[in-house]
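Each chain, written out:
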Amino acid sequence: MKLPGTATQPENIQIAMGKLDIRRGMTFLDIGCGSGAVSLAASRYTDRIYGIDRRQEAVEASGSLVPCGNFICGEAVDVIPRLPQVDRCFIGGTRDIERFLPALGDKAAPGFRLVVDVARIGMVSKVAGLVEDLFTLEEVLQINIFRGYWLAGDIALKPVNPIFMIVGRGD
């Protein structure tokens, strides 16, 4: 199913999984769960998966892909307070992040880790500042993926949705 927005690239998911360091028994939260690809990757490490998306079709797609997950349709700021403590979180959608990130801070378990994918350059500084205010900002990465294709008997490269990745942790 093709959902509006830009899907998280498989390479970005793998980098996020490495940064999150999810372990068995941890609670993982996927905010802006979309197609469920990030939750699917997390399900290799834990079966305590929660996802939030404001689009019902995204919640249904994620639930179909990750049957062990609990996917909820709604606004993150309203849903997060009803969840258990969160050990690891991936944020793929930054709309209203200034509203829901404090709620996430209240649910962060000791040793909490966070990865936020940001597509828009204007949001990078804003989100990094919010993460620094509520958690510890570990790093900001720019990730560029180029896919090869044949052109005039040779391989050319085409860029694929460059993103910024903001990594934080709780203390």
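Not measured: the values here are computed from a predicted model.

About the cut-offs
- Residues numbered from 1 in each chain as written.
- Predicted model: local features only at pLDDT ≥ 70, side-chain atom pairs only at ≥ 80, totals over all residues.
- Heavy atoms only, no water.
- Buried < 20%, exposed > 50% of the residue type's maximum accessible area, 1.4 Å probe, protein only.
- Helix = DSSP H or I, 4+ residues; strand = E, 2+ residues; numbered from the N terminus.
- Arc of directions from axis to C-beta.
- Contact = heavy atoms within 4.5 Å.
- Axes fitted to C-alpha atoms, helices over the stretch in contact; angles between N-to-C directions.
- Parallel < 35°, antiparallel > 145°, perpendicular 65-115°, else oblique.
- Left-handed = near helix turned anticlockwise from the far one by under 90°.
- Core = buried A, V, L, I, M, F, W, Y, C linked by side-chain atoms within 4.5 Å.
- Patch = residues over 30% accessible without salt bridge, like charges linked within 9 Å, V, L, I, M, F, W, Y side chains within 5 Å.
- Areas by Shrake-Rupley, 256 points an atom, 1.4 Å probe, with all protein chains shown as cover.
- Salt bridge = Lys/Arg side-chain N within 4 Å of Asp/Glu carboxyl O.

Participant: Account for helix H5 (residues 97-107), naming residues and giving values.
Facilitator: Of the positions making up H5, those classed as buried are Ile97, Phe100, Leu101, Ala103, Leu104 and Lys107. Across the axial projection of H5, the buried residues extend over an arc of 165°, all falling on one side. Against the buried residues of H5 lie strand S1 (27-31), helix H4 (76-79), strand S4 (86-91), strand S5 (108-118) and helix H6 (121-134).

Participant: How would you sum up the packing of H5 against H6? Please name residues and give values.
Facilitator: Axis separation between H5 and H6 bottoms out at 10 Å; the angle between their running directions is 25°. The angle between the axes of H5 and H6 places the two elements in the roughly parallel class. In this structure, the crossing between H5 and H6 has a hand that is right-handed. Facing H5, whose interface residues are Ile97, Glu98, Leu101 and Pro102, H6 presents Met123, Lys126, Val127, Leu130, Val131 and Leu134.

Participant: Account for the nonpolar core, with residues named and values stated.
Facilitator: Ranked by size, the top nonpolar core spans 31 residues in total, and within it Leu29, Ile31, Ile91, Leu104 and Leu114 carry the most contacts. Broken down by secondary-structure element, the contributors of at least two residues to this core are S1, strand S2 (48-53), H4, S4, H5, S5, H6 and strand S7 (154-169). Counting residues per element, this core draws most heavily on H6, at 6 residues. Ile31 has contacts with Ile52, Ala76, Ile80, Cys89, Phe90, Ile91, Gly92, Gly93, Phe100 and Leu104, leaving out every residue within four places of it along the chain. Grouped together as the second largest cluster of nonpolar side chains are 22 residues, Met17, Cys33, Ile49 and Val115 included.

Participant: Quick rundown of unusual backbone geometry? Include the residues and the values.
Facilitator: The backbone phi angle of Asp96 is positive, close to 65°, even though this residue is not glycine. At Asn161, a residue that is not glycine, the phi angle is positive and equals roughly 30°. Note on placement: Asn161 falls in strand S7. Using a relative accessible area of 28% as the deciding quantity, one classes Asn161 as partly exposed.

Participant: Describe in detail a nonpolar patch on the surface, supporting the description with residues and values.
Facilitator: On the surface, Phe146, Trp150, Ile155 and Leu157 cluster together into a nonpolar patch covering about 510 Å² of accessible area. Counting only elements with at least two residues in the nonpolar patch, the list comes to strand S6 (136-151) and S7. By the element assignment, Phe146 lies in strand S6. Judged by its relative accessible area of 46%, Phe146 is partly exposed.

Participant: Describe in detail the pattern of salt bridges, supporting the description with residues and values.
Facilitator: Scanning the model with the defined rule gives 11 salt bridges in all. Between Arg55 and Asp53 there is a salt bridge; the shortest N-O distance is 2.9 Å. Classification of Arg55 as partly exposed rests on a relative accessible area of 22%. Asp96 serves as the salt-bridge partner of Arg99, at 3.9 Å between the closest nitrogen and oxygen. Look at Asp96 and you get partly exposed, because its relative accessible area is 25%. Salt bridges linked by common partners bring Arg54, Glu75, Asp96 and Arg99 together as one network.

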